[in-house]
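Now for the letters of each chain:
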Amino acid sequence: MAEFGFNEHHQNEAINYMRFARSKRVLRLKTIDSCFEELKDSRLVEETFTVDEVREMLDGLQAVVRGEVEMELINTAHTNVLLLRQLFSQAEKFYLRLQSDISELENRELLEQVAEFEKTDFKTTDKQLNQETSKPKLAPLNEGGVSELLNKEIARLQEENNKLKARLRTLESQAMSALDDKTKAERALKDLKKVQGEQQEITSLEDTVAALKEDYERSLCTSAASQKDLQENLISAKHELLRVQEQLALAEKELEKKFQQTAAYRNMKEILTKKNEQIKEIRKRLQRYEPSE
């Protein structure tokens, strides 16, 4: 069957199936012949028959022959399904998906080639097969041929799949890390805004202290009684300033914990240091205006 592109192994397999199909066909034909012979021996014993008797014999023979032919067709179809089952099972072991073209089953040219092969080459091949001591069953492809290529391709695809999985895990880790960094940055920005608000409050308090200082200076020129009131206000302002400084110190400690991993930490520290120096300068200035004990 070189016309069909079969190698020697597959050609022998096709011949084995054709031999099996021919034996089943011959057996069924013998059964049909025996039906006719039985009719001849059991019913055709008289010289003349009526039309009804002939019709009855033909109807009976038709039913028997029809049943035999139908049984053979059903059995042939089921046998072909079992053969396909073996082929598909072997193909699935190597991750193959076989396809069939049903229209080619009625290709007259191919059918004629099969019939011609059965008439000529099939007889010659029968002699060669009869010399074999064993009949190998359908076996997987040789490991040195297509099977090896399929195994290599499967191994390559599995390795590539593992690499893609590892890459996916890395990307997921990077995404989670970026999300954490974003959350930390948002928190840092929020804390920074909070500190900026506190700095504005300190500036306001500084302005208040400066105003009190001016009022105190004016009061010194007017009367001693008003000076005492101004001194008390100044002391109250100093207490308030000390409270704010304590809050600022606590805020600085929290910022040092939160901004340890950010660049804003160093900038905020420099700002707070400058503010502390300014506060110290204000305190020094205030001390010059306090009455000596």
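Residues numbered from 1 in each chain as written. Predicted model: local features only at pLDDT ≥ 70, side-chain atom pairs only at ≥ 80, totals over all residues. Heavy atoms only, no water.

Quick notes on the overall build of the chain
A count of helical and extended segments in the chain gives seven helices and zero strands. Walking the chain from its N terminus toward its C terminus, one meets helices and strands in the order α-α-α-α-α-α-α. The 293 residues of the chain split such that 19% are buried. Across the chain, contacts joining residues at least 24 apart in sequence account for 75% of those joining residues at least 6 apart. Per element, the accessible surface of the chain, about 23000 Å² overall, is 53% carbon and sulfur. (Helix = DSSP H or I, 4+ residues; strand = E, 2+ residues; numbered from the N terminus. Buried < 20%, exposed > 50% of the residue type's maximum accessible area, 1.4 Å probe, protein only. Contact = heavy atoms within 4.5 Å. Areas by Shrake-Rupley, 256 points an atom, 1.4 Å probe, with all protein chains shown as cover.)

Some remarks on unusual backbone geometry
Within the chain, Tyr-95 stands out as a residue other than glycine whose phi angle is a positive 60 degrees. Among the secondary structure elements, Tyr-95 is positioned in the loop between α2 (51-93) and α3 (108-119). Assessed through its relative accessible area of 60%, Tyr-95 is described here as exposed.

A look at helix α1 (residues 8-42)
Helix length check: α1 (35 residues) gives 51 Å between terminal C-alpha atoms against 51 Å at 1.5 Å per residue, within 8%. Every buried residue of α1 is accounted for by Glu-13, Ala-14, Ile-15, Met-18, Arg-19, Arg-28, Ile-32, Cys-35 and Leu-39. A distance of 3.3 Å separates the backbone nitrogen of His-9 from a side-chain oxygen at the start of α1, and that oxygen is part of Asn-7. (Expected span 1.5 Å × (residues − 1). Polar contact = N/O pair within 3.5 Å; in protein donor to acceptor, adjacent residues only side chain to side chain.)

Side note on the side chain of Gln-245
Its place among the elements puts Gln-245 in helix α6 (residues 224-258). In contact with Gln-245, other than residues within four places in its own chain, are Ile-279 and Arg-283.

As for the packing of α1 against α2
It is at 10 Å that the axes of α1 and α2 come closest, and there the two elements cross at 170 degrees. Relative to α2, the element α1 is oriented roughly antiparallel. Residue-level contacts link Tyr-17, Phe-20, Lys-24, Arg-25, Arg-28, Thr-31, Ile-32, Cys-35, Phe-36 and Leu-39 of α1 to Met-57, Leu-61, Val-64, Val-65, Glu-68, Val-69, Met-71, Glu-72, Asn-75, Thr-79, Asn-80 and Leu-83 of α2. Residues that form the contact of α1 with α2 fall into these classes: 13 nonpolar, four polar and five charged. (Axes fitted to C-alpha atoms, helices over the stretch in contact; angles between N-to-C directions. Parallel < 35°, antiparallel > 145°, perpendicular 65-115°, else oblique. Nonpolar A, V, L, I, M, F, W, Y, C, P; charged D, E, K, R; others polar.)

Remarks on the packing of α1 against α3
Geometry of a packed helix pair, given as the angle between the helix axes and the separation of the axes. At a minimum axis separation of 12 Å, α1 and α3 run at an interaxial angle of 85 degrees. Classified by the angle between their axes, α1 and α3 sit roughly perpendicular to one another. Two secondary-structure elements touch here, α1 through Ile-15, Met-18, Arg-22 and Arg-25 and α3 through Val-114, Phe-117 and Glu-118.

Topic: the pattern of salt bridges
Per the counting criterion, the structure on display carries eight salt bridges. Residue Arg-28 is joined to Glu-72 by a salt bridge in which the shortest nitrogen-to-oxygen separation is 3.2 Å. Of this pair, Arg-28 sits in helix α1 while Glu-72 is found in helix α2, placing the two residues 44 residues apart along the sequence. For Arg-28, a relative accessible area of 17% gives the class buried. Residue Glu-159 is joined to Lys-163 by a salt bridge in which the shortest nitrogen-to-oxygen separation is 3.8 Å. With Glu-159 and Lys-163 both in helix α5 (residues 146-222), this residue pair falls four residues apart, about one helical turn. Accessibility expressed as a relative area gives 55% for Lys-163, which makes it exposed. Residues participating in the shared-partner salt-bridge network are Arg-28, Glu-68 and Glu-72. (Salt bridge = Lys/Arg side-chain N within 4 Å of Asp/Glu carboxyl O.)

Quick word on the packing of aromatic side chains
Inspection of the entire model under this criterion finds one aromatic pair. Relative to Phe-20, the ring of Tyr-17 has its centre 6.4 Å away and its plane inclined at 40 degrees; by these criteria the two rings are tilted. Of this pair, Tyr-17 and Phe-20 both sit in helix α1, separated by three residues, roughly a single helical turn. Residue Tyr-17 is classed as partly exposed on the basis of its relative accessible area of 26%. (Phe/Tyr/Trp six-rings, centres within 6.5 Å; stacked < 30°, edge-to-face > 60°.)

Quick notes on a negative patch on the surface
Taken together, Glu-46, Glu-53, Glu-56 and Asp-59 make up a surface patch of like negative charges. Mapping Glu-56 onto the fold places it in helix α2. (Patch = residues over 30% accessible without salt bridge, like charges linked within 9 Å, V, L, I, M, F, W, Y side chains within 5 Å. Lys, Arg positive; Asp, Glu negative; His and termini not counted. Charge placed at Lys NZ, Arg CZ, Asp CG, Glu CD.)

Focus on α3
For α3, with 12 residues, the first-to-last C-alpha span of 16 Å sits near the 16 Å given by 1.5 Å per residue. Backbone nitrogen of Glu-109 and a side-chain oxygen of the N-cap are separated by 3.1 Å at the start of α3; the cap is Asn-107.

Here we look at the nonpolar core
One finds Ile-202, Leu-205, Leu-241, Val-244, Leu-248, Leu-272 and Ile-279 forming the largest nonpolar core, which totals seven residues. Top element by residues in this core is α6. It accounts for three residues. Core analysis: the second largest hydrophobic core is formed by six residues, Ile-32, Cys-35, Leu-39 and Met-57 among them. (Core = buried A, V, L, I, M, F, W, Y, C linked by side-chain atoms within 4.5 Å.)

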